[in-house]
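Spelled out from the first residue to the last, the chains are:
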Amino acid sequence: VMALTSSFPTVDPRPVAKRILVSSTGLATSGGGYTVNNQMGNAFVFNGAARRTGGYGMVSTITLVDEANIIGAVDLYLFAQAVTPASDRSAVSFSDSDMQHYVGTVSFPAPTNLVNNRATSIPALGMSYVCANTSLYGYLVTLTSHTTFNDAANIRIGMINYLY
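We now turn to the structure provided with this report. (Residues numbered from 1 in each chain as written. Predicted model: local features only at pLDDT ≥ 70, side-chain atom pairs only at ≥ 80, totals over all residues. Heavy atoms only, no water.)

## Observations regarding the packing of aromatic side chains
In step 1: For the structure shown, the criterion picks out seven aromatic pairs.
In step 2: Here the aromatic rings of Tyr34 and Phe149 are separated by 5.6 Å at their centres, their planes lie at 75°, and the arrangement is edge-to-face. Of the two residues, Tyr34 is situated in the loop between strand S1 (16–23) and strand S2 (39–46) and Phe149 in the loop between strand S9 (136–142) and strand S10 (155–163); the sequence distance between them amounts to 115 residues.
In step 3: Exposure remark for Phe149: the relative accessible area of 2% places this residue in the buried category.
In step 4: Ring plane angle 65° and centroid distance 5.7 Å describe the contact between Phe79 and Tyr102, whose orientation is recorded as edge-to-face. Separated by 23 residues along the polypeptide, Phe79 in strand S4 (residues 74–79) and Tyr102 in strand S5 (residues 102–108) bring together distant segments of the chain.
In step 5: Judged by relative accessible area, Tyr102 falls into the partly exposed class, the value being 33%.
In step 6: Grouped by ring-pair contacts, the aromatic residues Tyr77, Phe79, Phe94, Tyr102 and Tyr139 constitute a single cluster. (Phe/Tyr/Trp six-rings, centres within 6.5 Å; stacked < 30°, edge-to-face > 60°. Helix = DSSP H or I, 4+ residues; strand = E, 2+ residues; numbered from the N terminus. Buried < 20%, exposed > 50% of the residue type's maximum accessible area, 1.4 Å probe, protein only.)

Laid out in structure tokens, this is it:
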């Protein structure tokens, strides 16, 4: 019997479901508040969104929790690699070269007020993507005016992804 060998790494071809949870960084905790179309904090980096560099997947479900209990509707712009967004509390702006890596926008409706926090989710999203590395990058933009946050990590975004 002759054994076959290969130098190619084995990758299970079946899709894998994975939950990725990321907390915000860089949210303003003092000074003036946020106005409509302001960038909110730094990038949300969803590490492990692909099984290999250049891998792909699909966002199945996405949730947002606001522990400061202040935000309204927001948009999350997803990119296949890190781009150069506006700074916190500045008008959202992406360059033409940034938009070449644009995956899509998740529009969260106004979250449900749960007394101490707010939450919203979008089930059955079905947004496919191809990563430049193994991460997705999200940039959150407010669609309503609101005050500053209690903590720079007051927003958490979780997504269920299928990795192919």
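The rest of the description comes next.
## Some details on the side chain of Asn38
In step 1: With respect to the element layout, Asn38 can be found in the loop between S1 and S2.
In step 2: Within the local environment of Asn38, its side chain forms a polar contact with the backbone nitrogen of Thr35, the two atoms lying 2.9 Å apart.
In step 3: Ignoring anything within four residues of it in the chain, the contact list for Asn38 reads Gly33, Arg89, Ser90, Ala91, Leu140, Val141 and Thr142. (Polar contact = N/O pair within 3.5 Å; in protein donor to acceptor, adjacent residues only side chain to side chain. Contact = heavy atoms within 4.5 Å.)

## As for the nonpolar core
In step 1: Ranked by internal contacts, the top residues of the largest apolar core, which has 32 residues, are Met40, Phe46, Ile62, Leu140, Phe149, Ile155 and Ile157.
In step 2: Listing elements by their share of this core, those giving two or more residues are S1, S2, strand S3 (56–66), S4, S5, strand S8 (127–130), S9 and S10.
In step 3: With four residues, the single largest contributor to this core is S10.
In step 4: In this structure Ile62 touches Leu76, Val106, Phe108, Thr120, Ser121, Ile122, Leu125, Ile157, Gly158 and Met159, once residues within four positions along its chain are discounted.
In step 5: Of all hydrophobic cores here, the second largest spans seven residues; its members include Tyr77, Phe79, Phe94 and Tyr137. (Core = buried A, V, L, I, M, F, W, Y, C linked by side-chain atoms within 4.5 Å.)

## With respect to unusual backbone geometry
In step 1: Phi angles above zero are rare outside glycine, and Asn69 is one such case at about 60°.
In step 2: The class for Asn69 is buried, based on a relative accessible area of 18%.
In step 3: One non-glycine residue, Val115, lies in the positive phi region at around 70°.
In step 4: Relative to the assigned elements, Val115 resides in the loop between strand S6 (112–113) and strand S7 (118–122).
In step 5: Looking at Val115, the relative accessible area reads 67%, which means it is exposed.

## Points about the sheet that holds S4
Picture the strands of a sheet paired through backbone hydrogen bonds; they go either parallel or antiparallel.
In step 1: Pairing within the open sheet is antiparallel, and its four strands lie in the order S2-S9-S4-S5. With one partner strand each, in any of the chains shown, S2 and S5 form the two edges of the open sheet. The sheet shows a mean angle of 20° between the axes of neighbouring strands, direction not considered. (Pairing = 2+ DSSP bridges. Axes fitted to C-alpha atoms, helices over the stretch in contact; angles between N-to-C directions.)

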